Amino acid sequence: MAVQSTLILIKPDGLVKSLTGNILSRLSEAKLIITAAKVVRVSRELAEEHYSHLKGKPFFEELIEYIMGEIHHSNRVVAFVYQGDDAITKIRDIVGDTNPEAANPVSIRGAYGRITTTGVFENVVHASSSPEDAEKEIKLWFRPDEIVVDIYPTKEVVLNNIKTRVWA
Ligand code: UDP
Ligand code: MG
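What comes next is a walk through the structure. Since the structure is predicted, the reported quantities are computational estimates derived from the model, not experimental observations.

Time to look at the packing of aromatic side chains. As enumerated under the stated definition, the model contains one aromatic pair in all. The ring of Phe-142 carries the charged tip of Lys-38 above its face, separated from the ring centre by 4.8 Å. A cation over an aromatic ring shows up here: Lys-139 above the ring of Tyr-152, its NZ or CZ 5.1 Å from the ring centre.

Given below as structure tokens:
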């Protein structure tokens, strides 16, 4: 057993179906700890980087529109990092197969996912599928200071002349 971290996203269909509480209850069965959480407005850049391994697939553009919330008119996802022994496998077991019709009916995707008429799997949640994917995804979605534990090495940088939004 190894301590792992994994990225979970509640996708736009999970949010419009009002499944957040339900999904979190199911995920709590894994007895892991949440080390980061936030609501994210998903840019095209973030979406394309998150799904870069699927670039070139016929469903890629629709997948990008899906995760950006354009299909569900909900421009957000909720992102979490969970940590604990064998976190990646434990979470993937609860989440279920990528294809909601092939997924175990008691899994989150089996219970709540659907396949669109154009063939995209609207499967309610994302969960990292390997330690390599988890590292890429956690670093993409979170800054080191947004996670309450140290997972990957960090470095300190001084940034000058950075324009940022502050409360007026
Ligand atoms: N996807 C799809 N059709 C496919 C494969 C993937 O619609 O044939 C979508 C689905 O929403 C999936 C996402 O693309 O969750 C990412 O695909 P991946 O193979 O990484 O599956 P996951 O890791 O999400 O189970
Ligand atoms: Mg994947």
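Next comes the rest of the account.
Around ligand 1 sit 13 residues in total, of which Arg-92, Thr-98, Arg-109, Phe-121 and Asn-123 are the nearest. In this structure, Thr-98 approaches ligand 1 through a side-chain N or O atom, which is 2.5 Å from an oxygen atom. One of the side-chain N or O atoms of Asn-123 is found 2.8 Å from an oxygen atom in ligand 1. For ligand 1, whose unbound accessible area comes to 500 Å², protein coverage reaches 83%. Residue composition of the shell around ligand 1, grouped by class: seven nonpolar, three polar and three charged.

Looking now at the pattern of salt bridges. Enumeration over the complete set of coordinates arrives at seven salt bridges. Linking Glu-61 and Arg-44 is a salt bridge whose minimum nitrogen-to-oxygen distance equals 3.1 Å. Note that Glu-61 is positioned in helix α4 (residues 60-67) and Arg-44 in helix α3 (residues 44-50), a separation of 17 residues in sequence. For the salt bridge of Arg-114 with Glu-122, the shortest nitrogen-to-oxygen distance reads 3.0 Å. Salt bridges linked by common partners bring Lys-38, Arg-143 and Glu-146 together as one network.

What counts, and where the lines are drawn
Residues numbered from 1 in each chain as written. Chains lettered and ligands numbered in written order. Predicted model: local features only at pLDDT ≥ 70, side-chain atom pairs only at ≥ 80, totals over all residues. Heavy atoms only, no water. Phe/Tyr/Trp six-rings, centres within 6.5 Å; stacked < 30°, edge-to-face > 60°. Lys NZ or Arg CZ within 6 Å of the ring centre and 35° of its normal. Near = heavy atom within 4 Å. Polar contact = N/O pair within 3.5 Å; in protein donor to acceptor, adjacent residues only side chain to side chain. Areas by Shrake-Rupley, 256 points an atom, 1.4 Å probe, with all protein chains shown as cover. Nonpolar A, V, L, I, M, F, W, Y, C, P; charged D, E, K, R; others polar. Salt bridge = Lys/Arg side-chain N within 4 Å of Asp/Glu carboxyl O. Helix = DSSP H or I, 4+ residues; strand = E, 2+ residues; numbered from the N terminus.

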